[in-house]
Amino acid sequence: MTEAGMQRMASRVFAALLADDDGSMTSAELSEQLQISPAAVSGAINYLTQVSMVGRERDPGSRRDRYRLHNEIWYATFASRDQVLTRWERTLREGARTLGQDTPAGARLTETAEFFEFLQTELVGLMDRWRDYRKKFDLP
């Protein structure tokens, strides 16, 4: 995960949650399992919450927060990338118009925007095929 750009501590917390049978742990459980401080857990959880990979919930009858992986975490993560790609593509096209599409910089921005448009189209098809695959193999 760190090689893909995720913060080191967030990667460790995410991996611990992923390896947990029910995909959820309290801050104390994460701190104990990973031998890290509560502050480190808090920072990692804040990051993972911001990128929509982990949710926060309360244990029934308790004031203690429990951190849980979202259902279909990878599907949701990649689906949310579609919004980011749209924003990048729009910004790149605007930049290309500003610079002039016949300039070397404008042409680079146009090519990059085309790449993101292509990527979005492929991502939509890929997500559809994933849903079909899950149904075919009756995955949860």
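Everything in this summary refers to the structure shown in the same document. (Residues numbered from 1 in each chain as written. Predicted model: local features only at pLDDT ≥ 70, side-chain atom pairs only at ≥ 80, totals over all residues. Heavy atoms only, no water.)

### Some points on the packing of helix α1 (residues 8–19) against helix α3 (residues 38–50)
Put simply, α1 and α3 touch, their axes get as near as 8 Å, and they point 85° apart. On the basis of their axis angle, the class for α1 and α3 is roughly perpendicular. Contacts from M9, A10, V13 and F14 in α1 reach A40, A44, I45, Y47 and L48 in α3. Residue classes in the contact of α1 with α3 are distributed as nine nonpolar, no polar and no charged. (Axes fitted to C-alpha atoms, helices over the stretch in contact; angles between N-to-C directions. Helix = DSSP H or I, 4+ residues; strand = E, 2+ residues; numbered from the N terminus. Parallel < 35°, antiparallel > 145°, perpendicular 65-115°, else oblique. Contact = heavy atoms within 4.5 Å. Nonpolar A, V, L, I, M, F, W, Y, C, P; charged D, E, K, R; others polar.)

### Thoughts on a nonpolar patch on the surface
Taken together, the side chains of M1, L18, W74 and F78 define a hydrophobic patch exposed on the protein surface, amounting to about 400 Å² of accessible area. In this fold, W74 is placed in helix α4 (residues 73–99). Looking at W74, the relative accessible area reads 38%, which means it is partly exposed. (Patch = residues over 30% accessible without salt bridge, like charges linked within 9 Å, V, L, I, M, F, W, Y side chains within 5 Å. Areas by Shrake-Rupley, 256 points an atom, 1.4 Å probe, with all protein chains shown as cover. Salt bridge = Lys/Arg side-chain N within 4 Å of Asp/Glu carboxyl O. Buried < 20%, exposed > 50% of the residue type's maximum accessible area, 1.4 Å probe, protein only.)

### Remarks on unusual backbone geometry
Although it is not a glycine, Q35 adopts a positive phi angle of roughly 55°. Looking at the element boundaries, Q35 is found in the loop between α2 (27–34) and α3. According to the relative accessible area criterion, Q35 is exposed, its value standing at 68%. Even without being a glycine, S52 presents a positive backbone phi close to 60°. Locating S52 in the fold gives a position in the loop between α3 and β2 (54–58). The class for S52 is partly exposed, based on a relative accessible area of 41%.

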